Every structure is written in C-alpha cells, then in structure tokens.
Amino acid sequence: MLYDVIIIGSGAAGLMAAISALNTSKHVLILDKNQKAGRKISASGNGKCNFTNMVMGEEYYNGESSFVSSVLKQFNEKDTIELFRKIGIYPKIKNNYVYPYSEQAASVVACLVSKVVYGGGIIKFDEYVTDIKKEEDIFYIKTSSGEYASYRLIIATGGVSYSQLGADGAMLDIIEGMGHHIVKPLKGLVGLICKKNVFRNVSGVRVNANIALEIASVNKKPIKVKNSGEVIFNESGISGIPIMQISRYASKALDEGRKVKVYIDFIPELEEEELYALLKERRNNMNVVSIYELLIGLINNKLAGFLDREKLDINNDKNLLHMAKYIKRFAIPITQTNGWDNAQVMAGGIDTSEIDSDMQSKIVEGLYFAGEIMDVDGTCGGYNLQWAWSTGFIAGKNAVKMERGLD
Ligand SMILES: Cc1cc2nc3c(=O)[nH]c(=O)nc-3n(C[C@H](O)[C@H](O)[C@H](O)COP(=O)(O)OP(=O)(O)OC[C@H]3O[C@@H](n4cnc5c(N)ncnc54)[C@H](O)[C@@H]3O)c2cc1C
C-alpha cells in the first residue's frame, strides 16, 4: 500500500502530525520502534505532563529566533489548549504552567492515540526504521520487519536523551545521509556534576537560591547566565529547575573545553552588607559560639554545617564579612553534566536553516520534520512539548496539502 503520509515516531510531534494530517487524508501511517506511543509524554512533568505554558514566545527557546517565531505564529499555546479540549484534555493552569485536569500524563497519550486511531490513522509498533530512500517521488522506509512506501514523509523521532523512551541517534545519521547538516547534539535540561562530590553531606537538601553560571572566555569577559529557584543538592552535584535552565550553556562550554563555574547565592533577599549586618546582630543577640550555630534558623541545618567548613572564629568581624561573601557568592567548579539518560532534552539536531516554515526540508522535497529532532530546545515549563505540538501540527497539515491528488 502506498500511504499519503508516513510519520516516523509516535511521540508528541508524531501524534500531533497524524491528527493534523488526518483532517485532510485518510492514508496516514505512524511507525515506531517502541511498543507504546508517547513514552516521553508519559514521563513528562513527573507523570503530570506540563504540556504548554500560558506565557509563550521565541525568547523561551534556544534556536534560530525567526524560525521559532514563525512556528509559534502558526500554532501556539492557545491552539494547543483549544485542540486538546476538543479531544478530551481539559486544562489545569498553575502559575501559567498548563497540565491536563486529570494531572495524568497517561491521559494525554490516551486522548491523542484515540484521536489518531478513530480518525483512521494506523500506528505500527516494533518498527525500527533503519533506512530511507526516495525514488521517483516516493519514499521507501525500511524497518526491522519490512518496507513501507509513501508520497510524503514526516520524521518526528525526537532527541537522543532518555534513549530508552525515544531515539538513539541513528536517525540523525540517516538524515545527514540525505544531505542535511546536524548541529552537534548536546545535553539540555540536565543536572550538573561538581568536583570531588563536594555536596555529598548535603545530599537531598533543597534551597531557594539565585545562581549564576560563569563560563571562562579567552581574551574576553567571562560569559554569565543567571537563573533562580529551587536548587537540589545531590551526591555528585546540583540539579533543580534553575540548574536545568542554565545547563545547555554549561554543556556547550564543557564540550568546547572551557572552564565552567556556578555561583550560588543562598540568601538572595539580602544584599551582602545587609547579610553582614544581620550576622553581627545575630551574634550579639544569640548565645552562640560557632558559625554553624549562628546560621541555624537562617539557613537549612545541614547547609549551615556545610558552610561552616573553615570553623572560623565567630568573634572576629572580618570572619563574619567573609561568611556574608561566602553565602552570597559560593563558587563551585562544574566538571560535567549528568548523562544522556538524565537529560530531558537534546540541544542540537537538524539545522533549521534547511527547513522551511511549512516544516518541509529545503533539501529533499516531500520530507518534513517535527519536534525535538530539530535544533531548537525550550526552557522548562511546557515549552518543549509545545514545540512538538506546534511543529507536528504544521508538518501534518502541509504534508497532505499536495498539488498532486492523493486520495
Ligand atoms: C523525563 C522527561 C520529562 C519531561 N518533562 C517535560 C515537561 O513537563 N514539559 C515539556 O514541555 N517537556 C518535557 N520533556 C521534554 C518533552 O517530553 C520532549 O521534548 C518531547 O516529548 C519530544 O517529542 P518528540 O515527539 O519530538 O520526540 P519523542 O517524544 O522522543 O518521540 C520520538 C518517537 O520516535 C520513535 N523513534 C525514534 N527513533 C526511531 C526509529 N529509528 N524508528 C522508529 N521509531 C523511532 C521513539 O520510539 C519515540 O516514540 C520531558 C522529557 C523527559 C525525558
């Protein structure tokens, strides 16, 4: 059978591409190597699926900004919410983060799959795509169990992070073989590893902090990236949303062999002088003999012990000034990021200058892309799934908008 459209990948982008294509065509096939659809959707948002954000714009994405904005102009968070309501996913909005009202990621997958299947689409699992050829305007897709053919092809195989749930990188090689350039895949939205397991004794502690990533730059001022929120300490390093948000810059810098440091401000509400004054006031008011005791009630107990590493004399004002500086600008060298199996997204992928605003390849006519496989990654907060919905919808719609009749 010759399909109108074959979609490789039944993740967020592939399912949305199928829903969109099925508005026009009835011959839509999805191929996936997994045995279930939407495994990353199911894992998203700690199983609750933060599927979009009410505050949307290209500034929340890393990638070519005119490409990102052209995508969001065509299909944005409002379009997602409207379409989701129609297929059964009622929204729950918390601080602009949008979830299904059920707070179950699995329900999002169920509604999307139902829409595809009841709309006449076919999903075939256990179909690992190993090769793609185009001969006389027809795509031939070779899988682990056979060969399929279609007039149009949408590749929505996602990023190489969490490979047990999604892609393994082989598709990027196939796409490169078709003439596309691939921006080196790096880990995004990932925890950072520090020297010598420095935070071992405070593992599990969570603290609201300001953080600044500093990247050494030859002959120039160091590059700084800032964020704030809940930092989580663990055996090997630091994680939490603000760390994940800055992690793609750390990934890139480490890959280039540059020195990377994170500065943590443990008490962002006070300026350094205010903190110094407060420490002196507390010392004078409290019957305490150590820095550790002085910090109890101000900072998490375990962290207070950790910060009192130098066992400084509390009666010396210079030491209190030193502590104020230390608490406000705690510096920690970063040696690595966590592994691919902990990275929520891939930074890098298909060079978007080779993709038009219909999501069609500028190199291979009839070939479309959708989702994380492109060199665009969003920040935390529903932006990566929105990217998958937006690009999936556009690719699906345009793949079936054909000059040649296909039905
Ligand atoms: C733990 C975790 C939590 C996350 N939480 C959030 C969140 O709350 N909000 C948010 O916006 N984003 C979140 N993300 C990111 C988001 O889930 C992804 O960006 C998004 O799912 C990508 O969708 P996709 O369709 O492009 O790719 P994927 O979902 O990865 O789908 C790709 C599909 O292609 C299939 N495939 C790959 N290679 C082949 C092949 N060769 N042959 C056949 N099939 C193949 C895979 O099996 C997979 O089903 C999270 C990611 C992770 C890992």
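Residues numbered from 1 in each chain as written. Predicted model: local features only at pLDDT ≥ 70, side-chain atom pairs only at ≥ 80, totals over all residues.

Caption draft 1: Just the overall build of the protein, in detail. When helices and strands are tallied, the protein shows 12 helices and 20 strands. Counting only C-alpha atoms, the protein reaches 85 × 45 × 35 Å along its principal axes. By the burial criterion, 46% of the 407 residues in the protein qualify as buried. In the protein, once contacts between residues fewer than 6 apart in sequence are set aside, the share between residues at least 24 apart is 72%. (Helix = DSSP H or I, 4+ residues; strand = E, 2+ residues; numbered from the N terminus. Buried ≥ 20, exposed ≤ 12 C-beta atoms within 10 Å, placed from the backbone. Contact = placed C-beta atoms within 7 Å.)

Caption draft 2: Spotlight on the domain arrangement of the protein. Domain boundaries assigned for the protein yield domain 1 (2-186 + 343-399), domain 2 (188-267 + 333-337) and domain 3 (272-328). For domain 2 and domain 3, the distance between their C-alpha centres works out to 24 Å. Taken residue by residue, the interface counts 7 residues in domain 2 and 8 residues in domain 3. Residues belonging to the side of domain 2 that touches domain 3 are distributed by class as follows: 5 nonpolar, 1 polar and 1 charged. (Domains from an automatic or database assignment. Nonpolar A, V, L, I, M, F, W, Y, C, P; charged D, E, K, R; others polar.)

Caption draft 3: Region of the structure containing the site of the ligand. Taken together, 39 residues are adjacent to the ligand, and Gly9, Gly11, Gly158, Gly166 and Gly371 come closest. Those elements that place two or more of their residues in the shell around the ligand are helix 1 (12-21), helix 2 (39-43), helix 6 (170-177) and helix 12 (383-399). The residue makeup of the shell around the ligand, split by class, is 17 nonpolar, 16 polar and 6 charged. (Near = placed C-beta within 6 Å.)

Caption draft 4: Main features of the packing of helix 1 against helix 5 (residues 105-118). At a closest axis distance of 9 Å, the pairing of helix 1 and helix 5 adopts a crossing angle of 35 degrees. When the axes of helix 1 and helix 5 are compared, the crossing they make is left-handed. The residues of helix 5 that touch helix 1, namely those facing Leu15, Ala18 and Ile19, are Leu112, Val113, Lys115 and Val116. (Axes fitted to C-alpha atoms, helices over the stretch in contact; angles between N-to-C directions. Left-handed = near helix turned anticlockwise from the far one by under 90°.)

Caption draft 5: Region of interest: the pairing of strand 5 (residues 91-94). Where strand 5 lies against strand 6 (residues 97-100), 4 bridges are found, and the strand directions are antiparallel. When the sheet's bridge partners are listed, Lys94 is paired in strand 6 with Tyr97. Turn length for the strand 5-strand 6 hairpin, with the two strands adjacent in sequence and antiparallel, is 2 residues, and the turn residue Asn95 shows positive phi of about 45 degrees. (Pairing = 2+ DSSP bridges.)

Caption draft 6: The sheet that holds strand 16 (residues 260-265), seen in detail. On the basis of which strands lie adjacent, the closed barrel formed by 6 strands has the order 12-15-14-13-16-17 and antiparallel pairing. The sheet shows a mean angle of 45 degrees between the axes of neighbouring strands, direction not considered. Note that strand 16 and strand 17 (residues 330-337) share 5 bridges and pair antiparallel. Within strand 17, the position partnered with Tyr263 by the bridge is Ala331.

Caption draft 7: Fine view of the pairing of strand 8 (residues 129-135). As defined by bridge partners, strand 8 adjoins strand 9 (residues 138-143) across 6 bridges and the pair is classed as antiparallel. Looking at strand 9, one finds that Glu135 is bridged to Ile138. The turn linking strand 8 back onto strand 9 is made up of 2 residues, and Glu136 within it adopts a positive phi angle of 45 degrees.

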